[in-house]
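Letter by letter, the chains look like this.
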Amino acid sequence: MTQILRMIVRRVGMGVATLFFVSILTFVSVEILPGDLAQATLGQSATPEALAEFRKEVGLDQPAFTRYVSWVNGMLHGDLGRSLANGKQISGLIQVRLKNTLFLGMYAASIAVPLSLIFGIFAALYRDSASDKVINATALTAISLPEFFVSYILVVIFSGLGWFPALASIRPDMNFSERLYVAFLPALALTFAVTAHMLRMTRAAIVNILSYPYIEMARLKGVRPWRIIVAHAVPNAISPIVNVVALNLAYLLTGVVVVEVVFGYPGLGQLMVDAVTRRDVTVVQSVTIIFASAYVLLNLAADIISTVSNPRIFHARRNA
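Please read these numbers as outputs of a predicted model, since none were measured by experiment. (Residues numbered from 1 in each chain as written. Predicted model: local features only at pLDDT ≥ 70, side-chain atom pairs only at ≥ 80, totals over all residues. Heavy atoms only, no water.)

Enquirer: I would appreciate a short explanation of the packing of helix α7 (residues 147-159) against helix α9 (residues 184-210) in the present structure.
Expert: Helix packing for two helices is described by the angle between their axes and how far apart those axes are. Direction vectors running N to C along α7 and α9 enclose 135°, while the axes themselves pass 9 Å from each other. In terms of their interaxial angle, α7 and α9 are classed as oblique. Relative to α9, the crossing made by α7 is right-handed. Listed contacts from α9 to E147, V150, S151, L154, V155, F158 and S159 of α7 are L185, L188, A189, L190, F192 and A193. Here the residues of the contact of α7 with α9 are counted per class, giving ten nonpolar, two polar and one charged. (Axes fitted to C-alpha atoms, helices over the stretch in contact; angles between N-to-C directions. Helix = DSSP H or I, 4+ residues; strand = E, 2+ residues; numbered from the N terminus. Parallel < 35°, antiparallel > 145°, perpendicular 65-115°, else oblique. Left-handed = near helix turned anticlockwise from the far one by under 90°. Contact = heavy atoms within 4.5 Å. Nonpolar A, V, L, I, M, F, W, Y, C, P; charged D, E, K, R; others polar.)

Enquirer: How should I be thinking about the side chain of N100 in this particular structure?
Expert: The residue N100 is located in helix α5 (residues 90-125) in this model. Taking relative accessible area as the criterion, N100 reaches 6% and is therefore assigned buried. (Buried < 20%, exposed > 50% of the residue type's maximum accessible area, 1.4 Å probe, protein only.)

Enquirer: Whenever I open this one, α9 confuses me. Can you help?
Expert: Along an α-helix, residues three or four positions apart point the same way, because every turn accommodates 3.6 residues. With 27 residues, α9 extends 37 Å between its outermost C-alpha atoms, agreeing within 8% with the 39 Å of an ideal straight helix rising 1.5 Å per residue. At V194, α9 is bent by approximately 30°, the largest bend along its length. Within α9, 19 of the 27 residues are buried, leaving the element largely enclosed by the surrounding structure. (Expected span 1.5 Å × (residues − 1). Bend = angle between axes of the 7 residues up to and from the residue.)

Encoded structure:
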């Protein structure tokens, strides 16, 4: 247990260092973009005096290093600061958007994870059969299609038939069933994006376990195939499966930008795109840190679950 705690502390330290690096990279990336908030707000016809006055008003006249240190200091004290574009508290802007993005991510995960496990195990159990080939071909097709293309195809088909709205405009007064209905198409697009990867990794892990001698012994004893899968294969393949599921859950939370923009979904991805367009660097940095934190935490959770479920991984790392 002590060794696992040391691993957790070490990984948390690496996660904090990663977040620090991400914050620097994000700040520099926004700074080197052509134009700034003043030009994006006042337009091309603004006079130099008006631009200078606006920059002084929002603090853009200060050196970049000073502004970055000020933002980091606020973050360390739990203050995300204010949006440079509208002066609103960033925490208030993010709160509602974060709930919407979490709702969309969990919606997609509730569809994608069961489908991936069921079809992955089914393909492994009937390896090299016609069903296995159909599932693999479908998964490869889904992986090769970009998200925006899948999203537009879904809009053309389902919205064209009048079954679901093309725009996923979530409002605070909507009840749960209305949210599920409106957000179905973006959730389905995200499901296509992650299901194939999880399905193929689940199949590969189960196929690997099925080649072990103790599985062959169970077959010779007449144990039913599904009992072999459930009682022997899945428990021993849980480590790689949990790892790939956690990584794809992280993708669902951090990779929603394209899908949210296509469907006009009011989540963090849409907020970040709007902030980048207006060069609102404080909002961009805050949203990026939230995405990066979610990715780091889910990766840490995957490592802990993998290590606890299969201690050989930890010993292999120590001996490496």
